[in-house]
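# Close look at the chain arrangement
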Amino acid sequence: METVFHPSSERGHANHGWLDSYHSFSFASWYEPSKIHFGALRVLNDDVVAGGGGFGAHPHDNMEIVSIPLKGSLAHKDSTGNEKFINTGDVQIMSAGTGLHHSEYNASKTEPVNFLQIWVFPKLNNIKPHYDQKTFDSEARKNNWQIVVSPDEKDGGLWINQDAVFARASLDQNATLNYVPKFAGNGVYLFVIEGSIEVNGQIVNKRDAIGISGSDNVEIKALADADVLAIEVPMIS
């Protein structure tokens, strides 16, 4: 088993006024050669957008893009005709495929929105662009993994063009939970949204992350009430 620990204090940071963003992996003007990607996971940005602010229309291609609002709501519009609101409790995915343009704005003119923006390298390039979003019941992840993204529709998550799984769990203090990868050889990147956990002897606090590869069973213990996002991805080089 191999592990990599990414403390929140070592994330990249850019504050543009309307956007306050923390980067777990190299992004935009922040470059850290030891943090380019974890397997197929390329970007994990923790973004706060001020009221009325947002990202104007910009292009993407051949990337799986997942947005998870943690507080507030996003207004989304893209070149395939989708125009949606993405609220706290929702998850959105775009398979950019051959290419699309999209914009994301804070749906509120006054209150900030905090969301995770996550990019995963696709399994197949140049597919037809695909969009989906879904609302998930927070009670269903109490001391349990709730799959929100998966290529297997039987898992109940949003479809992704990759052998990757996103799952979220809300753990009570002292609860234990194991993560077993769905795909052989995959690694799992655990991002602590709130609280504190212990994994393989490593304490992982709020906004810290730990990546584990080469293991078919990862045990997590909650040191305090915790909200954890697991991102399982192929360990591409």
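Calculation criteria
- Residues numbered from 1 in each chain as written.
- Predicted model: local features only at pLDDT ≥ 70, side-chain atom pairs only at ≥ 80, totals over all residues.
- Heavy atoms only, no water.
- UniProt positions renumbered as here; feature names shortened; annotations may be inferred.
- Helix = DSSP H or I, 4+ residues; strand = E, 2+ residues; numbered from the N terminus.
- Rg over C-alpha atoms; globule rule 2.2 N^0.38 Å.
- Buried < 20%, exposed > 50% of the residue type's maximum accessible area, 1.4 Å probe, protein only.
- Contact = heavy atoms within 4.5 Å.
- Areas by Shrake-Rupley, 256 points an atom, 1.4 Å probe, with all protein chains shown as cover.
- Lys, Arg positive; Asp, Glu negative; His and termini not counted.
- Charge placed at Lys NZ, Arg CZ, Asp CG, Glu CD.
- Polar contact = N/O pair within 3.5 Å; in protein donor to acceptor, adjacent residues only side chain to side chain.

Under the annotation held in an unreviewed UniProt entry, the protein carries the name Pirin family protein and is attributed to Pinibacter aurantiacus. Recorded in UniProt under Sequence similarities (unreviewed entry), the annotation for the protein is "Belongs to the pirin family."

## Some words on the overall build of the protein
If you tally the helices and strands in the protein, you get zero helices and 21 strands. Here the protein has a C-alpha radius of gyration of 17 Å; the compact-globule value for 237 residues is 18 Å, and the two agree. The buried share among the 237 residues of the protein stands at 52%. The contacts of the protein with a sequence gap of at least 6 include a subset with a gap of at least 24, amounting to 71%. Looking at the protein as shown, the accessible area adds up to about 10500 Å², and 48% of this sits on carbon and sulfur atoms. Charge separation in the protein, taken as the distance between the mean sites of 18 positive and 29 negative side-chain charges, equals 4 Å.

## Regarding the UniProt feature "domain: Quercetin 2,3-dioxygenase C-terminal cupin" (unreviewed entry) in the protein
This chain's UniProt record puts "domain: Quercetin 2,3-dioxygenase C-terminal cupin" (unreviewed entry) on residues 148-233. For residues 148-233, the helix share is 0%, the strand share is 55%, and the end-to-end C-alpha distance is 14 Å.

## Some remarks on the side chain of N62
You can see N62 is positioned in the loop between β5 (54-60) and β6 (64-71). A distance of 2.6 Å separates the side chain of N62 from the backbone nitrogen of N126, its partner in a polar contact. Not counting residues up to four positions away in its chain, the partners in contact with N62 are A96, G97, P122, N125 and N126.

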